Amino acid sequence: PSRLGDYWTFDTNLLNLMREEGVDSRRFSVKGGWHRDFSNIHGHSFNLSSTLRGDIYDVRQADGSNLDRNPGRIYPQLSANWRYPLQRKTGTTHQLIEPIASVVFAPNGGNPDDIPNEDSLAFEFDDSDLFIPNRFVGLDRVEGGKRVDYGIRLGTYSNGGIASALIGQSYRLRDDSLFEEKTGLQGNFSDFVGNVQIRPGSYFDALYRFRLNKEKLNPVMNDLSFTAGAPILRARINYLDIESGVTSYNTGSRKEVSFGASS
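Residue positions within a chain follow its written sequence, with the count starting from 1. Predicted model: local features are reported for residues with pLDDT of at least 70 only, side-chain atom pairs are reported and counted for 80 or more only, and whole-chain, interface and lining totals are derived from all residues. Hydrogens and water are ignored here; the side-chain numbers use all heavy atoms of the structure.

Points about the side chain of Asp 55
Going by this rule: Secondary structure counts use DSSP, requiring at least four H or I residues in a row for a helix and at least two E residues in a row for a strand, with both numbered from the N terminus. Two N or O atoms count as a polar contact when they lie within 3.5 Å, although within protein this holds only if one can serve as hydrogen donor and the other as acceptor, and sequence-adjacent residues are included solely when both atoms are side-chain atoms. Residue contacts are defined here by distance: any two heavy atoms, one from each residue, within 4.5 Å place the two residues in contact.
Looking at where Asp 55 falls in the secondary structure, it is placed in strand 3 (residues 44-61). Of the polar contacts made by the side chain of Asp 55, one reaches the side chain of Ser 29; its length is 2.6 Å. At 2.9 Å, the side chain of Asp 55 forms a polar contact with the side chain of Arg 53. For Asp 55, the contacting residues outside a window of four places in its chain are Phe 28, Ser 29, Pro 71, Gly 72, Arg 73 and Leu 139.

Here's what the structure looks like:
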């Protein structure tokens, strides 16, 4: 970081994917960015980011024949995040109300058909990526367009105990056909996503994550987990309930219970 608090990032990525049958894909990606955090400006907190990414591809048949496909992409993106944490202290208890909003600007599209999709096939919209500028985990797909993300966080914190909740939604100025039906991002308004966490101490933790249909407000994804025990032996149980087509890697509805332990 500089004396002013801003900093630069630079990332490169190289992919070489070869198959016995099908299409081989080679990709070189370079991304640079400028970032600046502004903390406690009359209680407000801001984060500004400006990034530019370039991708170049070489797509060939597995037998080595050239498909004359060397697509490329230039992807600039601007994002600004705002938080306004309001805190009240009563004895040893802190109560929090924090509105959150972010604005993201990027060119529309950015995903031509001749760019293969190898690392961004699995997509799921939930509370963990509500305020992330580009929600795809890989590089083959980018999230273009202009949008506003907004939500509110509530919390109570006391003597190691936590009770918090978050709910939010995203509004896209232009509908993007990249997001399929039931992904939660089809249309201008997204589904509502959020979580509720209760941790009365270090030996027990309950977390509920959800996604609500934006029109009917019924849950289309429920993820409930309980963790208990000391670090020497902790047990976990998780319950997952999702509707059909909610995630790109699961076409059917699913109800699942899983167990685990760690030491």
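Anyway, onward from the coordinates.
Brief notes about the pattern of salt bridges
Inclusion rule: Salt bridges are counted wherever a side-chain nitrogen of Lys or Arg sits within 4 Å of a carboxyl oxygen of Asp or Glu.
A full pass over the atoms with the stated rule returns 21 salt bridges. As a salt-bridge pair, Asp 140 and Arg 27 come within 2.8 Å of each other at their nearest N and O atoms. One end of the pair, Asp 140, is in the loop between strand 7 (93-105) and strand 8 (146-158); the other, Arg 27, is in strand 2 (residues 23-41), with 113 residues separating them in the sequence. Ionic pairing is found between Asp 58 and Arg 60, a salt bridge with its closest N-O pair at 2.9 Å. Members of the salt-bridge network, linked through shared partners, are Arg 135, Glu 143, Arg 147, Asp 149 and Arg 172.

Some thoughts on a nonpolar patch on the surface
To keep things clear, this is the line we draw: Patch building starts from residues that exceed 30% relative accessible area and form no salt bridge, then joins like charges within 9 Å and nonpolar side chains (Val, Leu, Ile, Met, Phe, Trp, Tyr) within 5 Å. Note on areas: these come from Shrake-Rupley sampling with a 1.4 Å probe, and a residue is covered only by the protein chains present in the view.
On the surface, a nonpolar cluster with roughly 550 Å² of combined accessible area is contributed by Phe 204, Phe 226, Ile 237, Tyr 239, Val 257 and Phe 259. Elements with a contribution of two residues or more to the nonpolar patch: strand 13 (233-242) and strand 14 (254-262). Relative to the helices and strands, Ile 237 resides in strand 13.

Brief notes about the layout of surface pockets
How we decide: Here a cavity denotes grid points, spaced 1 Å and computed from the protein atoms alone, that fit a 1.4 Å probe unable to get out, and a pocket denotes an open set having protein on both sides within 12 Å along at least 5 of 7 lines; residues with an atom within 4 Å of a point are the lining. Grid points are joined across faces, edges and corners, and a volume is the space filled by probe spheres set on the points. Polar here means any residue other than Ala, Val, Leu, Ile, Met, Phe, Trp, Tyr, Cys and Pro, which are nonpolar, and Asp, Glu, Lys and Arg, which are charged; Gly is therefore polar.
The space that makes up the largest pocket amounts to roughly 340 Å³. Forming the walls of the largest pocket are 21 residues, and the residues nearest its centre are Lys 31, Thr 51, Arg 53, Gln 77 and Asn 134. Counting only elements with at least two residues in the lining of the largest pocket, the list comes to strand 1 (6-17), strand 2, strand 3 and strand 5 (72-83). Per-class residue counts for the lining of the largest pocket are eight nonpolar, ten polar and three charged.

A look at the packing of aromatic side chains
Stated precisely, the cut-off is as follows: Only Phe, Tyr and Trp rings take part, Trp by its six-membered ring, and two of them pair if their centres are within 6.5 Å. Stacked means planes under 30 degrees apart, edge-to-face means over 60, and tilted covers everything else. Exposure categories follow from relative accessible area, calculated using a 1.4 Å probe and restricted to protein chains: below 20% of the type maximum is buried, above 50% is exposed, and the middle band is partly exposed.
Per the counting criterion, the structure on display carries four aromatic pairs. With a centroid separation of 4.6 Å and an interplanar angle of 50°, the aromatic rings of Tyr 171 and Phe 189 are classed as tilted. Residue Tyr 171 is located in strand 9 (residues 161-172), and its partner Phe 189 is located in the loop between strand 9 and strand 10 (192-201); the two are separated by 18 residues in the primary sequence. Look at Tyr 171 and you get partly exposed, because its relative accessible area is 29%. You can call Phe 189 partly exposed: its relative accessible area is 41%.

Observations concerning the pairing of strand 5
Moving residue by residue along a regular strand, the side chains alternate between the two faces of the sheet. Threshold: DSSP bridges decide pairing: two strands pair if at least two such bridges lie between them.
Two strands pair when backbone bridges link them, and strand 3 and strand 5 are joined in this way by twelve bridges, in the antiparallel orientation. Bridging across to strand 5, Leu 48 finds its partner in Ala 80. Relative to strand 7, strand 5 runs antiparallel, the two sharing six bridges. Across the sheet, the residue bridging to Ala 80 is Val 103, located in strand 7.

Re the environment of Gly 54
With respect to the secondary-structure elements, Gly 54 resides in strand 3. With 23 residues separating them in the primary sequence, Gly 54 and Lys 31 have C-alpha atoms 6.4 Å apart. Leave out the neighbours within four places in its chain, and Gly 54 touches Phe 28, Ser 29, Val 30, Arg 73 and Ile 74.

Structural notes on the environment of Ser 202
For Ser 202, the location among the structural elements is in the loop between strand 10 and strand 11 (204-212). The exposed category is assigned to Ser 202, whose relative accessible area is 54%. Sequence-wise, Ser 202 and Ile 162 are 40 residues apart; in three dimensions their C-alpha atoms are separated by 9.9 Å. Other than its neighbours up to four places away in sequence, Ser 202 contacts Gly 229 and Arg 234.

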